[in-house]
Amino acid sequence: MTAKTAVAIASLTLSLGASSCLRFYDIGIETPIEAKLDVSSFQRVLILGFLAGGSKDVDPNTETVRLLRSQLRTKSDLKVIDSDVLALVDEVDRRRQAEGVAPVLAAAANATVEDGPKIQNERDLQEYEAIFADVDYWKQIGEEYQAPLIITGSVLFTDVQRRGMVTRSQETLDEYGRRAVTDVRRFEDRKGYALVPKFIFIDGRTGVQLYSESFREETLYSATNNTPPLSSYFELMDRLLPGFLSTLSTQKIKGTRTLLR
Amino acid sequence: MRDTSSPFARKVAFAPVLVLALALVSVASLSADRRSDSKEQVDFGIELAQKGLWKEAAFRWEKAVELDPTYASAWNNLGIAYEQQGDFPEAKKAYDKAQALDPQNNFIRQNFDMFMEIYDRQNRRRNS
């Protein structure tokens, strides 16, 4: 027997031994995480409208209603009710007017569309938030749509400006034409948008709030960058949608575990 | 005093020892058989899990721990199967059992730690 044959036999024996002695196997699993809210008693969901404001370049109310409806159509078992989008801010003012009470924001009472949204910041928003506690109002809406789960809340989409140090990677070529990447820190003006939504889930049968959750997302660009506000709005909504969806439907977390023999 | 001088008497005296020895051998062989049967179930379960048939795999591993409740690997695999199916309380019980049987096993500890991260998160969400 030559040395080569001996080595071949030995390696074959070793590999066979190793394969039969393999005692562990990595395996991918998807762990289901229960929804935060038990919505099994609802068949339908109504996303009617939000208290919205901030930037005048985007209508956060309409965009949020459309986006959430389309997300729930594909990622939830609930049937999404189609209805006109309700401007909740106007609804609050209308109701106060009917009762002979002054509008929530006196300055906003005579505001025109060109002046921008009635709600400009979080303080304005607080003035309107009492509507979410109006059980009779939501119960009435629930009766109108045959007792669905109602999703409402507030959405503030505002311009943001910041000044500060920014680190950027910069590519340079040396005298021999070789590329090098270095981090450069510089003082910069930056602008962008902040999205602050609060989602409120209401039982359409009783008008009572079941659950609420707030989010805050922000994105900043260089001052010279002209990113359309609507793109920024969708970018920010993309970040917080998993959190919103996990309230209503089971999410799966991918991971790896080791099976043993 | 019993008379053990005759061959027959010696045989009679030896009989209980023989019976005890035979009993010990048979218990040992039964235990080995059980571990071997349990191992078969574990191996089959692994094949099923690798094909994504987690319910069937869990059934095999349940059989395995039934046959041999001291088989840490079977409990570990059962914990993974329950976790994959979202049955967190049962998964925790199975992982706990696996850890108690083989506390030095790093694979079991790692699986358990990763599971607990998700389990705690779920509990926090429930309580919030």
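As a starting point, this report considers the structure included with it. (Residues numbered from 1 in each chain as written. Chains lettered and ligands numbered in written order. Predicted model: local features only at pLDDT ≥ 70, side-chain atom pairs only at ≥ 80, totals over all residues. Heavy atoms only, no water.)

### Some thoughts on the pattern of salt bridges
Residues and elements named next belong to chain A.
- Counted by the stated rule, this structure contains 22 salt bridges over all chains.
- The residue Arg239 makes a salt bridge to Glu235 at a minimum N-O spacing of 3.1 Å. Pair noted here: Arg239 and Glu235 are both in helix H7 (residues 229-248), with a separation of 4 residues, about one helical turn.
- Residue Glu235 is classed as partly exposed on the basis of its relative accessible area of 31%.
- Overlapping salt bridges, with partners in common, bring together Glu122, Arg162, Arg216 and Glu218 in one network. (Salt bridge = Lys/Arg side-chain N within 4 Å of Asp/Glu carboxyl O. Helix = DSSP H or I, 4+ residues; strand = E, 2+ residues; numbered from the N terminus. Buried < 20%, exposed > 50% of the residue type's maximum accessible area, 1.4 Å probe, protein only.)

### Brief notes about the environment of Arg190 of chain A
Residues and elements named next belong to chain A.
- Within the secondary structure layout, Arg190 lies in strand E6 (residues 179-203).
- For the pair formed by Arg190 and Thr224, sequence separation is 34 residues and the distance between their alpha carbons is 8.4 Å.
- Here Arg190 is in contact with Val160, Gln161, Arg162, Val166, Arg168, Leu220, Tyr221 and Ala223, once residues within four sequence places are set aside. (Contact = heavy atoms within 4.5 Å.)

### Looking at the interface of chain A and chain B
- Chain A puts 21 residues into the contact, and the matching count from chain B is 30 residues.
- Buried area between chain A and chain B, both sides added, is near 2200 Å², and the carbon and sulfur share of it is 58%.
- Counting the surface chain A buries against chain B, the share from its top three residues, Arg257, Leu260 and Arg261 of chain A, is 31%.
- Linking chain A with chain B are 2 salt bridges, by the criterion used here.
- One salt bridge in this structure joins Glu83 of chain B and Arg257 of chain A, with 2.5 Å as the shortest N-O distance.
- There are 9 residue pairs in polar contact (both at pLDDT 80 or more) connecting chain A and chain B.
- Looking at the side of chain A that touches chain B, the elements with two or more residues in it are strand E1 (24-33) and strand E9 (251-260) of chain A.
- Top contributing element to the side of chain A that touches chain B by residue count: E1 of chain A, with 9 residues. (Buried area = accessible area lost by both parts, 1.4 Å probe. Polar contact = N/O pair within 3.5 Å; in protein donor to acceptor, adjacent residues only side chain to side chain.)

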